[in-house]
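Single-letter residue listing:
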Amino acid sequence: MRKFTNERNLVRPAKTRFATAFLTLHSFYLQKKNLRKLVFSNEWKDNRYAKEAAGKETAKVLISPLFWNDVVWALKVGGPLIRVLCMVDGERKPPMGYLYEAIDRAKETIAVSFEGDVRKYEKVFDIIDSRWSNQLHRPLHAAGHLLNPGLFYKNTRDETLDSEVWIGYHECLEKLIPDSATVDQIGEEFGRYSQAEGLFGLQAAIRARDIRSPVEWWMQFRHQTPNLQKFAIKVLSLTCSASGCERN
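No experiment lies behind these values; they were computed from the predicted model shown.

1. A word on helix α7 (residues 99–113)
Right, on to step 1. For α7, which comprises 15 residues, the first-to-last C-alpha distance of 21 Å matches the rise-based estimate of 21 Å (1.5 Å per residue) to within 8%.
Right, on to step 2. Those residues of α7 lying buried are Leu99, Tyr100, Glu101, Ala102, Ile103, Ala106, Lys107, Ile110 and Ala111.
Right, on to step 3. One or two steps after α7, the chain reaches Glu115, where phi turns positive at roughly 55°.

This is the structure in structure tokens:
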């Protein structure tokens, strides 16, 4: 096999952890032609493995168009979701402000890969929504989404923020800030943030929305909204984990 795949390994469990099954399928797909050449080669026919039951089953699978169609389907579904999980478990930036948007983008990518044919992915979406609602989605994610300037201003302009996001934000606010007077002050300061008034409207602040991390952005342009800034940093600095999905 290694001769036909140019010495490439198909499985790297030590490096891939919970994504091993998906990445193994991806390796199979990249080596599709070489693996099929392998089972049609004289080296395979003359090898004792080709005469064993497991060898015959392996050749049957690698030749089957149905198997490769299923691999493509699995990659279309799994690829966007794996990218979300890798982002959640990554250490490059705190993902709290990006997770809500990432799930939506993953679903959009899956739908586009099947050219909008709902029949091919509706059951998958049911599973995604179930796991998202029961295990992953929390008010913190909605608050992080609103307090991430790189996403908030784009979605506000496009009017794509739904009521679920706002409800989650206010639930998070009430839980993390027990003092009602501070909550009211944050409400007033949020108005400046949403309208990009004062420091938030500076060209430097606008450019920094997509350049700086959300926490850095709030640290730099915080001075007119001190209460909202403390709340934003408290939310956006929190870490996330994909362990709930990994256990499944």
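Having seen the structure, we can now continue with the description.
2. Quick word on helix α6 (residues 65–89)
Right, on to step 1. Between its first and last C-alpha atoms α6 spans 35 Å; for 25 residues at 1.5 Å apiece the expected length is 36 Å, and the two agree.
Right, on to step 2. The opening residue of α6, the one whose side-chain oxygen lies 3.2 Å from the backbone nitrogen of Leu66, is Ser64.

3. Considering unusual backbone geometry
Right, on to step 1. With a phi angle near 55°, Asn6 is a residue other than glycine that sits in the positive phi range.
Right, on to step 2. Residue placement: Asn6 occurs in the segment before α1 (13–16).
Right, on to step 3. The backbone of Glu7 shows a phi angle near 65°, a positive value even though the residue is not glycine.
Right, on to step 4. With respect to the secondary-structure elements, Glu7 resides in the segment before α1.
Right, on to step 5. Residue Glu7 is classed as partly exposed on the basis of its relative accessible area, which comes to 49%.

4. Regarding empty space enclosed by the protein
It is the rolling of a water-molecule-sized probe over the atoms that shows where space remains empty.
Right, on to step 1. Tallied over the full model, the rule gives 2 cavities of 30 Å³ or more.
Right, on to step 2. Volume-wise, the largest cavity comes out at about 50 Å³.
Right, on to step 3. Along its surface, the largest cavity is lined by Lys93, Pro94, Met96, Gly97, Tyr98, Ser213, Pro214, Val215 and Leu236.
Right, on to step 4. Across the lining of the largest cavity, the residue classes tally to 6 nonpolar, 2 polar and 1 charged.

5. What to know about the packing of aromatic side chains
Right, on to step 1. Evaluated as defined, the whole model comprises 20 aromatic pairs.
Right, on to step 2. With centroids separated by 5.2 Å and ring planes inclined at 45°, the aromatic side chains of Tyr169 and Phe190 adopt a geometry described as tilted. Residue Tyr169 is found in helix α11 (residues 163–176), and its partner Phe190 is found in helix α12 (residues 180–194); the two are separated by 21 residues along the sequence.
Right, on to step 3. Ring centres 5.7 Å apart and planes at 50° place the aromatic pair Trp217 and Phe221 in the tilted group.
Right, on to step 4. Through successive ring pairs, a cluster of aromatic residues spans Phe152, Tyr153, Trp166, Tyr169, Phe190, Tyr193, Phe200, Trp217, Trp218, Phe221 and Phe231.

6. Comments concerning the nonpolar core
When a protein is soluble and globular, its nonpolar side chains tend to lie buried together.
Right, on to step 1. Grouped together as the largest cluster of nonpolar side chains are 38 residues, with contacts concentrated most on Leu147, Tyr169, Tyr193, Trp217, Trp218, Leu228 and Phe231.
Right, on to step 2. For this core, the element with the highest residue contribution is helix α15 (residues 226–236), accounting for 6 residues.
Right, on to step 3. Setting aside chain neighbours within four positions, we find Tyr193 in contact with Leu146, Leu147, Asn148, Pro149, Phe152, Tyr153, Phe200, Trp217, Trp218 and Leu228.
Right, on to step 4. Within the second largest apolar cluster, 13 residues are counted, among which are Phe22, Ala59, Leu62 and Val71.

7. Describing the side chain of Thr225
Right, on to step 1. For Thr225, the location among the structural elements is in the loop between α14 (214–220) and α15.
Right, on to step 2. With a relative accessible area of 0%, Thr225 lands in the buried category.
Right, on to step 3. Apart from the residues within four sequence positions on either side, Thr225 is in contact with Glu189, Arg192, Phe200 and Trp218.

8. Looking at the packing of α7 against helix α9 (residues 139–147)
Right, on to step 1. α9 packs onto α7 with a crossing angle of 95° between their chain directions and a minimal axis gap of 7 Å. Classed by the angle they form, the pair α7 and α9 counts as roughly perpendicular. Along the contact surface, α7 presents Leu99, Tyr100 and Glu101, while α9 presents His141, Ala142 and His145.

9. Concerning the environment of Pro80
Right, on to step 1. Mapped onto the elements of the fold, Pro80 is located in helix α6.
Right, on to step 2. A relative accessible area of 7% places Pro80 in the buried class.
Right, on to step 3. If sequence neighbours within four positions are ignored, Pro80 has contacts with Leu75, Ala106, Thr109 and Ile110.

The rules behind the values
Residues numbered from 1 in each chain as written. Predicted model: local features only at pLDDT ≥ 70, side-chain atom pairs only at ≥ 80, totals over all residues. Heavy atoms only, no water. Helix = DSSP H or I, 4+ residues; strand = E, 2+ residues; numbered from the N terminus. Expected span 1.5 Å × (residues − 1). Buried < 20%, exposed > 50% of the residue type's maximum accessible area, 1.4 Å probe, protein only. Polar contact = N/O pair within 3.5 Å; in protein donor to acceptor, adjacent residues only side chain to side chain. 1 Å grid on protein atoms, 1.4 Å probe; cavity = no way out; pocket = protein on both sides within 12 Å on 5 of 7 lines; lining within 4 Å. Points joined across faces, edges and corners; volume = space filled by probe spheres on them. Nonpolar A, V, L, I, M, F, W, Y, C, P; charged D, E, K, R; others polar. Phe/Tyr/Trp six-rings, centres within 6.5 Å; stacked < 30°, edge-to-face > 60°. Core = buried A, V, L, I, M, F, W, Y, C linked by side-chain atoms within 4.5 Å. Contact = heavy atoms within 4.5 Å. Axes fitted to C-alpha atoms, helices over the stretch in contact; angles between N-to-C directions. Parallel < 35°, antiparallel > 145°, perpendicular 65-115°, else oblique.

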